[in-house]
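For reference, the chains in residue letters:
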Amino acid sequence: MGAISAGRQAVGAVTRNPILIVATVLLGVIQLPQLFVQSADSAVIVVASGVLSLLFLVLYPFLFGGIIGMGNEAVEGKTSLGTFVSAGKANYVSLLGAFFILLGIGVVYVIGMLIVGAVGGFAVVSTGGDALGGAAFLGLVAVVLVAFLLYFVLLFFIQFFGQAIVLDGVGAVDGFRRSIGAVRGHKLSTLGYSLVLALIGGVFGVFGAVFGLLGTPQAAGGFPTPSLGVVAVAAVVFVALTGVVGAFSMTYGVAFYRDIRPAEPSAP
């Protein structure tokens, strides 16, 4: 029942506090230029988009912490942009550290996969096309599948690190630990929560892909170039959907973590 009840709490919180949508709209606004990079003819525009992308990476811990702080207040009643600013500032360093840890994990994972692919590919080629080569190929596929599974299992257990950092006032490492502890005791309900988010993300991702094609009509199978007005309307819709979906998703994560969070340390 945790995933269902948390969903209801999130809907109520966003309905009571539409200001949450304003905060999450910032994410959509910052991401907009990145969707037009491939269609830009000017090197200046490409460079500017790259700068904005870097700015997004720098600002994301602040935005992430601020929205979580607002979501926590919204679940209990009313919230404001003041909470967004204070929570973003108070948790910026810890969240930035957590993102660097995630980046390190990702780099190690990619390097490991490249090594496995290179060694496995060499083994397959060196054995030729006989039965031994087929066994080597199947072994390589099995190793890759297991690596993917382990990676997603890790992400499954640490996905609430941000909520733990903001709600429990802990550092980056303890945020991951508390997320693992929370999920470990509620694996089934967390799976339900993750499936709901995956469904929402899939639907939103389809729209994002269509919007991206509007910005790069030459890659859209020869469809006519849309007018500036059509692109502008699509951009407004994209930003609005980002706000609504982002506000619900972030508040949903907060509400769910509040239900499954470990008892210690005491919540503020």
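Read on for a plain summary of the structure. What you see is a predicted model, and the numbers here were worked out from it, not measured in a lab. (Residues numbered from 1 in each chain as written. Predicted model: local features only at pLDDT ≥ 70, side-chain atom pairs only at ≥ 80, totals over all residues. Heavy atoms only, no water.)

**Here we look at the overall build of the protein**
Short version of the rule: Labels follow the DSSP assignment, with helices taken as runs of H or I lasting at least four residues and strands as runs of E lasting at least two, numbered in each case from the N terminus. In this scheme, a residue with accessible area under 20% of its type's maximum is buried, one over 50% is exposed, and one in between is partly exposed, where area comes from a 1.4 Å probe on protein chains only. Residues are treated as being in contact if the distance between any of their heavy atoms lies within 4.5 Å. Per-residue accessibility takes into account occlusion by the displayed protein chains alone, with areas from the Shrake-Rupley method and a 1.4 Å probe.
Helices and strands together make up the secondary structure of the protein, namely 10 helices and zero strands. Burial statistics for the protein: of 268 residues in total, 37% are counted as buried. Within the protein, contacts between residues separated by at least 24 positions form 75% of all contacts whose residues are at least 6 apart in sequence. Total accessible area computed for the protein in this model is approximately 14100 Å², and 77% of it derives from carbon and sulfur atoms.

**A word on the packing of aromatic side chains**
Defined as follows: Aromatic contacts are taken between Phe, Tyr and Trp rings whose centres are within 6.5 Å, Trp giving its six-membered ring; a plane angle under 30 degrees counts as stacked, one over 60 as edge-to-face, and the others as tilted.
This structure, assessed with the given rule, holds 17 aromatic pairs. With centroids separated by 4.7 Å and ring planes inclined at 10°, the aromatic side chains of Tyr193 and Phe256 adopt a geometry described as stacked. Taken together, the positions of Tyr193 in helix H9 (residues 187-215) and Phe256 in helix H10 (residues 228-260) put the pair 63 residues apart, joining distant regions of the chain. Take Tyr193 and Phe256: they sit in the same class, and that class is buried.

**Re the pattern of salt bridges**
Convention followed: The term salt bridge refers to a pairing of a side-chain nitrogen on Lys or Arg with a carboxyl oxygen on Asp or Glu at a separation within 4 Å.
This structure, assessed with the given rule, holds four salt bridges. Ionic pairing is found between Asp168 and Arg178, a salt bridge with its closest N-O pair at 2.7 Å. Pair noted here: Asp168 is in helix H7 (residues 161-168) and Arg178 is in helix H8 (residues 172-184), with a separation of 10 residues, a long-range link. Arg178 matches Asp168 in its accessibility class, with the two residues each being buried. Across the salt bridge formed by Asp168 and Arg261, the nearest N and O atoms sit 2.4 Å from each other. Here Asp168, found in helix H7, pairs with Arg261, found in the segment after H10; they are 93 residues apart in sequence, far enough to count as distant. Connected through shared salt-bridge partners, Asp168, Arg178 and Arg261 make up one network.

**Remarks on the nonpolar core**
To be explicit about the condition: Among buried residues, those of type Ala, Val, Leu, Ile, Met, Phe, Trp, Tyr and Cys that are joined through side-chain atoms within 4.5 Å constitute a nonpolar core.
Judged by nonpolar contacts, the single largest core of 44 residues is most densely connected at Ile68, Phe84, Phe160, Phe161, Tyr252, Phe256 and Tyr257. For Phe161, the contacting residues outside a window of four places in its chain are Phe64, Leu95, Ala98, Phe99, Leu102, Gly175, Phe176 and Ser179.

**Here we look at helix H1 (residues 2-16)**
Residue pairs spaced three or four apart in an α-helix point in one direction, given the helix's 3.6 residues per turn. Put simply, the test is: Here the expected length of a helix is defined as 1.5 Å per residue gap, with one fewer gap than residues. Of all possible arcs, the one meant is that of the directions from the helix axis to the C-beta atoms.
For H1, which comprises 15 residues, the first-to-last C-alpha distance of 21 Å matches the rise-based estimate of 21 Å (1.5 Å per residue) to within 8%. Considered for burial, the residues of H1 that qualify are Gly2, Ala3, Ala6, Gly7, Ala10, Ala13 and Val14. All buried residues of H1 fall inside an arc of 130° around its axis, so they share one side. The outward face of H1, more than 90 degrees from its buried face, is lined by the exposed residues Arg8 and Thr15.

**A few points about the side chain of Ser179**
When you line up the elements, Ser179 lands in helix H8. Look at Ser179 and you get buried, because its relative accessible area is 0%.

**Quick look at the packing of H7 against H8**
Quick reminder of the rule: To obtain each axis, a line is fitted to C-alpha atoms, and for helices this fit is confined to the stretch in contact; angles are then taken between N-to-C directions over 0 to 180 degrees. Relative orientations are named as follows: roughly parallel for angles under 35 degrees, roughly antiparallel for angles over 145 degrees, roughly perpendicular for angles from 65 to 115 degrees, and oblique for any other angle. Throughout, a crossing is termed right-handed when the near helix is turned clockwise from the far one, and left-handed when it is turned anticlockwise from it by less than a right angle. By the convention adopted, Pro, Cys, Tyr, Trp, Phe, Met, Ile, Leu, Val and Ala count as nonpolar, Lys, Arg, Asp and Glu as charged, and the other residues, Gly among them, as polar.
At their nearest, the axes of H7 and H8 sit 7 Å apart, and the two run at 115° to each other. Judged by the angle between their axes, H7 and H8 are roughly perpendicular. The hand of the H7/H8 crossing is right-handed. Only Ala172, Gly175, Phe176, Arg178 and Ser179 of H8 make contact with H7, whose side of the interface consists of Phe161, Ala164, Ile165 and Asp168. Classifying every residue of the contact of H7 with H8 gives five nonpolar, two polar and two charged.

**So, a nonpolar patch on the surface**
This is how it is decided: Without a salt bridge and with relative accessible area above 30%, a residue can belong to a patch; like charges are then joined within 9 Å and nonpolar side chains (Val, Leu, Ile, Met, Phe, Trp, Tyr) within 5 Å.
Together, Phe100, Leu103, Val107, Ile111, Ile115 and Val119 give the surface a local cluster of nonpolar side chains, amounting to about 590 Å² of exposed area. The topology assignment puts Ile115 in helix H5 (residues 92-126).

**A short note on the side chain of Thr83**
For clarity, the threshold we go by: We define a polar contact as two N or O atoms separated by no more than 3.5 Å, with the added condition that, inside protein, one atom must be a possible hydrogen donor and the other a possible acceptor, whereas residues neighbouring each other in sequence contribute only through side-chain atom pairs.
Note that Thr83 resides in helix H4 (residues 81-90). Owing to a relative accessible area of 14%, Thr83 belongs among the buried residues under this scheme. Polar contacts involving the side chain of Thr83 include one to the side chain of Glu73, which spans 2.7 Å. Leaving out residues up to four positions away in the same chain, Thr83 has contacts with Gly66, Gly69, Met70, Glu73 and Gly88.

**Concerning the environment of Gly88**
Residue position: Gly88 is located in helix H4. Of the residues examined, Gly88 reaches a relative accessible area of 0% and is grouped as buried. Measuring from C-alpha to C-alpha, the distance between Gly88 and Ile68 comes to 8.6 Å, with 20 residues separating the pair along the chain. What Gly88 contacts, discounting residues up to four positions off in sequence, is Phe62, Gly65, Gly66 and Thr83.

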